[in-house]
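Each chain, written out:
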Amino acid sequence: MTTALVIDGKAFAAGLRDRIAAAVPAFMEVMGRAPGLAVVLVGDDPASAVYVGSKGKATIAAGMESFEYRLPGNCTQAEVEALLQKLNADDKVDGILLQLPLPSHLDEQSAVGAINPDKDVDGLTPISAGRLALGIEGLVPCTPLGSLMLLQEQLGDLSGLEAVVIGRSILVGKPMAQLLLGANCTVTLAHSRTKDLPDIVRRADIVVAAVGRAEMVKGDWLKPGAVVIDVGINRLAPAEEGAKGRLVGDVDYGSAQAHVRAITPVPGGVGPMTIACLLRNTLVAAHRRAGLSDPEGI
Ligand code: NDP
């Protein structure tokens, strides 16, 4: 029995963050300022506050400028969109991230749509999605972008490979399928209504699981030698009261290992790539807005 290679997303993300930090001084020399990322948090959801805090820290650690804006949970749609318009017009801000989810009385789609697509470092505006679909240069959602980087690092050229993406969310599944198509894979996009999912997955050289169901994909669904990217983050019920449940992915890691060539662990696989790609998108947005060519190797 062979054991799969563990794709170390944490190490890859650390390398990417180092390359980003190394590219910042050259931008500063030309522009007289660091690239800037503005993060907007509406309300006081504790998990969102933690994400915003770690994004800010990572931005500063890369030598970029971090701007944090907090709006109260009862603010109006007009207030959120007015802030986004202000950030669109602010020359020091290269990237804008609106932390989701918004409180339920706000219209997320309309708020996201207010972000200037050239500063849309989350890649979620309709124009960013359209650019990705049309193959036009733009900003791509961070989690699928990070997943693609890990696949290319493992496999090099992905041309002609069969890829199955499980999950069709706007945040992960759909852009992932577009990116793989752009890399010349033959792509199947599966979802909750897909019939015979195990048989479809068995065809795949590349499997990307973005479902949100703990350990759903079993080892015997996987083609021998496949490369698996497990995007899912699921917390299992704790074994005892007061304890924290274990984090697992959408793939049954134990049974998958015997079948596949390489697999991302959870945690430590795709997760660390998401923030690293947010920094990457901010740096790239800063260069494009300034009319500079994209930094190399990032
Ligand atoms: P969503 O809930 O938005 O989408 C889940 C998708 O899975 C839907 O398209 C749904 O299909 C599909 N699905 C649900 N059940 C099944 C099933 N039984 N068989 C096949 N497909 C199914 O989730 P996200 O895309 O936002 O996130 C997916 C997972 O990735 C979550 O665990 C999330 O925590 C994690 N995640 C991790 C990130 C990271 O940084 N590592 C970042 C973002 C997400 P349908 O459309 O038909 O309902």
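Structure: see above.
Report follows, based on the coordinates. This is a predicted model, so every value here is computed, not measured. (Residues numbered from 1 in each chain as written. Predicted model: local features only at pLDDT ≥ 70, side-chain atom pairs only at ≥ 80, totals over all residues. Heavy atoms only, no water.)

Turning our eyes to something else, we now look at the overall build of the protein. Looking only at helices and strands, one finds 10 helices and 11 strands in the protein. Here the protein has a C-alpha radius of gyration of 19 Å; the compact-globule value for 298 residues is 19 Å, and the two agree. Projected onto its principal axes, the C-alpha coordinates of the protein cover approximately 55 × 45 × 35 Å. Expressed as a percentage of its 298 residues, the buried residues of the protein come to 49%. Restricting to contacts in the protein with at least 6 residues of sequence separation, those with at least 24 account for 68%. Side chains of the protein give 27 positive and 33 negative charges; the mean places of these two sets differ by 2 Å. (Helix = DSSP H or I, 4+ residues; strand = E, 2+ residues; numbered from the N terminus. Rg over C-alpha atoms; globule rule 2.2 N^0.38 Å. Buried < 20%, exposed > 50% of the residue type's maximum accessible area, 1.4 Å probe, protein only. Contact = heavy atoms within 4.5 Å. Lys, Arg positive; Asp, Glu negative; His and termini not counted. Charge placed at Lys NZ, Arg CZ, Asp CG, Glu CD.)

Moving on, we get to the site of the ligand. Of all residues adjacent to the ligand, which total 22 residues, the nearest are Arg-168, Ser-169, Ser-192, Ile-233 and Thr-274. Between the ligand and the protein, one listed contact pairs an oxygen atom with a side-chain N or O atom of Thr-274 at 2.8 Å. Bound to the protein, the ligand loses 70% of the 920 Å² it would expose on its own. Each residue belonging to the shell around the ligand can be placed in one class, and the counts come to 10 nonpolar, 10 polar and two charged. (Near = heavy atom within 4 Å. Polar contact = N/O pair within 3.5 Å; in protein donor to acceptor, adjacent residues only side chain to side chain. Areas by Shrake-Rupley, 256 points an atom, 1.4 Å probe, with all protein chains shown as cover. Nonpolar A, V, L, I, M, F, W, Y, C, P; charged D, E, K, R; others polar.)

Ranked by internal contacts, the top residues of the largest apolar core, which has 51 residues, are Leu-151, Leu-180 and Val-208. The element contributing the most residues to this core is helix α10 (residues 271-289), with seven residues. Setting aside residues no more than four positions away along its own chain, Leu-180 makes contact with Leu-148, Leu-151, Leu-158, Ala-163, Val-165, Cys-185, Val-187 and Val-208. (Core = buried A, V, L, I, M, F, W, Y, C linked by side-chain atoms within 4.5 Å.)

Quick look at the sheet that holds strand β4 (residues 95-98) now. Strand order across the open sheet formed by three strands is β3-β2-β4, with parallel pairing between neighbours. Edge positions in the open sheet fall to β3 (65-71) and β4, since each of these has one partner strand only. Geometrically, the sheet is characterised by an average inter-axis angle of 15 degrees between neighbouring strands, direction not taken into account. Bridge analysis of strand β2 (residues 36-42) against β4 gives four bridges, and the strand direction is parallel. Each residue of the ladder has a partner; that of Ala-38, found in β4, is Ile-96. (Pairing = 2+ DSSP bridges. Axes fitted to C-alpha atoms, helices over the stretch in contact; angles between N-to-C directions.)

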